[in-house]
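So you can see what is in the structure, the chains are spelled out below.
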Amino acid sequence: MTGAVIRNNYPVDNWVATGISFGSTMQPIRFLSVGEQTVEHLRKGIQEGRWSGRLPGVVLLAAQCDVSTGVVRAALRRLEDEGVVTAGGLGRCRRIVPPEQGGTPLRSLRVGILPHDSINDDHLLWEILRDLEAAGHLVTIAKKSQGQLNHSLPSVIRMSKEIEVDAWIVSAGSRELLEWFAGQNIPTMALYGRSGGLALARTGPDKVPASLDSIRQLIALGHRRIVMIALAGRRKPIPGNVERLVLEEMRRHGIETGPYNLPDWEETPEGFNSLLENLFRTTPPTALIISETPKFIAAMQFLARRHIDVPGQVSLISPDFDKELNWCYPSIARMEWNNAHIVRRVVRWVAAVKKGNPDRETINVPATFVPGGSIGPAPQIRR
């Protein structure tokens, strides 16, 4: 199909000049969960006038839809978030909000997604896109990611201005980029990113407790040469909250910290390889904490080429939650959290924007450290 993009192995129509837009003239085939089917069934029934005034009770709706009462309650909460129905009070059925009061949506909300890197590798963004589409919104993905624009602030801003949307979701934006979005009139949700103190909503994993747990476990295993390989947005202009607290935890255990522990590097494949070459040339680290799965895999390839054993000579930790790493054996030490909570938070925030009540809260999801076979006792360092 000429001019089509493939998503989940299905052609998706309608390229737009400023990005890729889903949910317009030709819809891709979507396999909906039972919960999503229930939401769409109830929403369609309300729009077609199947019920008036109030919806039937949860038990009756569950019987009609042939699903559990828990599924119906979750679907009703979604419709409440959208403003289609309102709670009727204890023991009373939900009331249907008339269209003139903002109940049934008059048009889709246009939501723009600005990825950090290619969205093809970002499972969380795909989940968010799918659920926003299921809620009836029109989602536009910026035609280039921040990485494809070399994180050039003027270039990203120029591209963003060309895309007509009602709300933005910015994935892992730099402090400078989020400051710019905070100064605009368009509601913006920071998905990850350093948004502290800015007039933006924010969600993502809270990695602080898990990160400190991982450092303590490494130190208990005898590690002193611990290096965090982080993106520029987490290093500059000053270390991010997680990085700062991790360095403080190292110092608390008597480890002198500096640029060696949080090195600067050029964010290209060549720059990443050069960083690893320099690290292992003179003072090899005994533990590496590497952000982003592609770079984690590149590091494992680097170590394999040089016959550096994991975890015998160096321990590895991924601070990201990527199910692709579950295929590694032995397992990879990593952070984990519940993506469903993040997706739900974003969908509810967009529903609030649609009703004209966007919040600016930071609601994070707790992460945990899961030790795996990629960490072990520190090797004996020859003096």
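Located above this text is the structure these notes cover.
Remember, it's a predicted structure, so these values are computed and weren't measured experimentally. (Residues numbered from 1 in each chain as written. Predicted model: local features only at pLDDT ≥ 70, side-chain atom pairs only at ≥ 80, totals over all residues. Heavy atoms only, no water.)

Asks: Please clarify how unusual backbone geometry should be interpreted in this entry.
Replies: With the exception of glycine, most residues fall at negative phi, and the peptide bonds are largely trans. For the bond running from K236 to P237, omega is -5°, close enough to zero to count as cis. Within the fold, P237 resides in the loop between α8 (232-235) and α9 (241-252). A positive phi angle, close to 55°, is found at H151, a residue other than glycine. Relative to the elements of secondary structure, H151 occurs in the loop between β8 (138-142) and α5 (153-161). Judged by relative accessible area, H151 falls into the partly exposed class, the value being 38%. A positive phi is found at A172, a non-glycine position, where the angle reads about 50°. Structurally, A172 can be placed in the loop between β9 (167-171) and α6 (175-182). Residue classification places A172 among the partly exposed residues on the basis of a relative accessible area of 25%. (Helix = DSSP H or I, 4+ residues; strand = E, 2+ residues; numbered from the N terminus. Buried < 20%, exposed > 50% of the residue type's maximum accessible area, 1.4 Å probe, protein only.)

Asks: Whenever I open this one, the packing of helix α1 (residues 34-47) against helix α3 (residues 69-82) confuses me. Can you help?
Replies: Working note: a packed helix pair is described by the angle between its axes plus the distance between those axes. For the pair α1 and α3, the least separation of the axes is 9 Å and the interaxial angle reads 55°. Relative to α3, the element α1 lies oblique. Considering the relative orientation of α1 and α3, their crossing is right-handed. Between α1 and α3, the contacting residues are V34, G35, T38, V39, L42, R43 and I46 on the first element and V71, A75, L76, R78, L79 and E82 on the second. In the contact of α1 with α3, the residues fall into 8 nonpolar, 2 polar and 3 charged. (Axes fitted to C-alpha atoms, helices over the stretch in contact; angles between N-to-C directions. Parallel < 35°, antiparallel > 145°, perpendicular 65-115°, else oblique. Left-handed = near helix turned anticlockwise from the far one by under 90°. Contact = heavy atoms within 4.5 Å. Nonpolar A, V, L, I, M, F, W, Y, C, P; charged D, E, K, R; others polar.)

Asks: Even after reading the chapter, I still don't get α3, so can you show me in this structure?
Replies: Think of an α-helix as turning once every 3.6 residues; residues three or four places apart then point the same way. Compared with an ideal rise of 1.5 Å per residue, which puts 14 residues at 20 Å, α3 spans 20 Å between its outermost C-alpha atoms and is within 8% of the ideal. Looking only at α3, the buried set comprises V72, A75, L76, R78, L79 and E82. Burial along α3 is one-sided: seen end-on, the buried residues are contained in an arc of 155°. Against the buried residues of α3 lie α1, α2 (58-65), β5 (85-86), α4 (123-134) and α12 (339-354). Following α3 by one or two positions, G83 adopts a phi angle in the positive range, close to 80°. (Expected span 1.5 Å × (residues − 1). Arc of directions from axis to C-beta.)

Asks: Would you take a moment to explain the pattern of salt bridges for this structure?
Replies: Counted according to the given criterion, the structure contains 19 salt bridges. In this structure, D264 and R235 form a salt bridge, with 2.6 Å as the shortest nitrogen-oxygen distance. Separated by 29 residues along the polypeptide, D264 in the loop between α9 and α10 (269-281) and R235 in helix α8 bring together distant segments of the chain. Looking at D264, the relative accessible area reads 52%, which means it is exposed. Residue classification places R235 among the buried residues on the basis of a relative accessible area of 7%. When the shortest N-O distance is used, the salt bridge between K236 and D264 registers 3.5 Å. Of this pair, K236 sits in the loop between α8 and α9 while D264 sits in the loop between α9 and α10, placing them 28 residues apart in sequence. One network of salt bridges, with partners in common, ties together R235, K236, D264 and E267. (Salt bridge = Lys/Arg side-chain N within 4 Å of Asp/Glu carboxyl O.)

Asks: Would you mind going over the nonpolar core with me for this structure?
Replies: In a soluble, globular protein the nonpolar side chains are often hidden away together inside. Counting 49 residues, the largest nonpolar core has I128, L132, I169, I215, L218 and I226 as the members making the most contacts within it. Per element, the largest residue contribution to this core is 7 residues, and it comes from α12. The residues touching L132, leaving out its near neighbours within four places in the chain, are V111, H137, V139, I169, V347 and V350. Counting residues in each nonpolar core, the second largest holds 19 residues, with I229, F272, F296 and L325 among its members. (Core = buried A, V, L, I, M, F, W, Y, C linked by side-chain atoms within 4.5 Å.)

Asks: Looking at this structure, I do not really get the packing of aromatic side chains. What am I missing?
Replies: Note on aromatic pairs: each is described by the distance of the centres and the angle between the planes. Tallied over the full model, the rule gives 5 aromatic pairs. Judged by centre distance (5.9 Å) and plane angle (45°), the rings of F280 and F302 are tilted. Placement of the pair is F280 in helix α10 and F302 in helix α11 (residues 293-305), with a sequence separation of 22 residues. For the pair F280 and F302, a shared accessibility class is recorded, and that class is buried. We note R50 situated over the ring of W51; from NZ or CZ to the ring centre the distance is 5.3 Å. (Phe/Tyr/Trp six-rings, centres within 6.5 Å; stacked < 30°, edge-to-face > 60°. Lys NZ or Arg CZ within 6 Å of the ring centre and 35° of its normal.)

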